[in-house]
Amino acid sequence: MASVVIPLAKLVAMGLLLVTSQARSTWLPRRRARIYRIVHTVGRWSMVDIYVGGLLVALVQFNTIGEVTIGPASLPFAAVVILTLFGSLSFDPRLIWDPLDAPQ
């Protein structure tokens, strides 16, 4: 869940925010602001999977019971997490509200 759904949801949410802001949409600004706050907050906790995997590899050395390895997908996962984190930091939430202030 945290390795696939959350990063995918963050990408979709950031895409929605970027498209609606670029189009200067007045569609549900409070909900879009809430989406931005959620993406920004969740971004801080996205690397937990990588840390837990690293700790499990370091702590679990029971080869007879099971084996824990961090596979090659950890690098793209970390890249998605870092890029969405930078994306949410560089997004200006005032862009959500600017179309409402423009004279009509």
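Residues numbered from 1 in each chain as written. Predicted model: local features only at pLDDT ≥ 70, side-chain atom pairs only at ≥ 80, totals over all residues. Heavy atoms only, no water.

Participant: What am I meant to see in the overall build of the protein chain here?
Facilitator: For the protein chain, the helix and strand inventory stands at five helices and zero strands. Starting at the N terminus, the α and β elements of the protein chain follow one another as α-α-α-α-α. Out of the 104 residues belonging to the protein chain, those deemed buried represent 24%. Taking contacts inside the protein chain between residues at least 6 apart in sequence as the whole, the part at least 24 apart equals 75%. Counting every atom, the protein chain has about 7600 Å² of accessible surface; 68% of that belongs to carbon and sulfur. (Helix = DSSP H or I, 4+ residues; strand = E, 2+ residues; numbered from the N terminus. Buried < 20%, exposed > 50% of the residue type's maximum accessible area, 1.4 Å probe, protein only. Contact = heavy atoms within 4.5 Å. Areas by Shrake-Rupley, 256 points an atom, 1.4 Å probe, with all protein chains shown as cover.)

Participant: Where do I start with the packing of aromatic side chains in this structure?
Facilitator: Two descriptors summarise a pair of aromatic rings, namely the distance from one centre to the other and the angle between the planes of the rings. Applying the stated criterion across every chain yields a total of one aromatic pair. With a centroid separation of 5.6 Å and 45° between ring planes, the pair formed by Y36 and F91 is classed as tilted. Of this pair, Y36 sits in helix α2 (residues 29-43) while F91 sits in the loop between α4 (74-90) and α5 (94-101), placing them 55 residues apart in sequence. A relative accessible area of 11% places Y36 in the buried class. (Phe/Tyr/Trp six-rings, centres within 6.5 Å; stacked < 30°, edge-to-face > 60°.)

Participant: I'm lost on the nonpolar core in this one. Help?
Facilitator: Side chains of nonpolar character tend, in soluble globular proteins, to be buried together. Ranked by size, the top nonpolar core spans eight residues in total: A13, M14, L17, A33, Y36, V39, F91 and I96. Residue assignment for this core shows that the elements contributing at least two residues are α1 (5-22) and α2. Apart from the residues lying within four places of it in its own chain, the contact partners of L17 are R32, I35, Y36, F91 and I96. (Core = buried A, V, L, I, M, F, W, Y, C linked by side-chain atoms within 4.5 Å.)

Participant: Looking at this structure, I do not really get a nonpolar patch on the surface. What am I missing?
Facilitator: Taken together, the side chains of L8, L11 and V12 make up a nonpolar region of the molecular surface, amounting to roughly 290 Å² of accessible area. Classification of V12 by relative accessible area gives exposed; the value is 56%. (Patch = residues over 30% accessible without salt bridge, like charges linked within 9 Å, V, L, I, M, F, W, Y side chains within 5 Å. Salt bridge = Lys/Arg side-chain N within 4 Å of Asp/Glu carboxyl O.)

Participant: Hey, could you run me through the pattern of salt bridges in this one?
Facilitator: Two side chains carrying opposite charge are able to pair once their charged atoms lie near each other. A complete count under the given rule lists one salt bridge for this structure. A salt bridge links D92 to R94, with the shortest nitrogen-to-oxygen separation between them at 3.1 Å. Relative accessible area serves as the criterion here: at 26%, D92 is assigned to the partly exposed category.

Participant: I would appreciate a short explanation of the packing of α2 against α4 in the present structure.
Facilitator: Each pair of packed helices gets described by two things: the angle between the helix axes and the distance between those axes. Across the interface, α2 lies against α4 with an axial gap of 9 Å and an inter-helix angle of 135°. Here α2 is positioned oblique relative to α4, judged by the angle of their axes. For the crossing formed where α2 meets α4, the hand is left-handed. Across from Y36, V39, H40 and G43 in α2, the residues of α4 making contact are L85, S88 and L89. (Axes fitted to C-alpha atoms, helices over the stretch in contact; angles between N-to-C directions. Parallel < 35°, antiparallel > 145°, perpendicular 65-115°, else oblique. Left-handed = near helix turned anticlockwise from the far one by under 90°.)

Participant: What is the right way to read unusual backbone geometry from this model?
Facilitator: For residues that are not glycine, phi is negative in most cases, and the peptide bond is trans in most cases. Despite not being glycine, R24 has its phi angle at roughly 55°, a positive value. Among the secondary structure elements, R24 is positioned in the loop between α1 and α2. Residue L28 is not a glycine yet carries a positive backbone phi of 45°.

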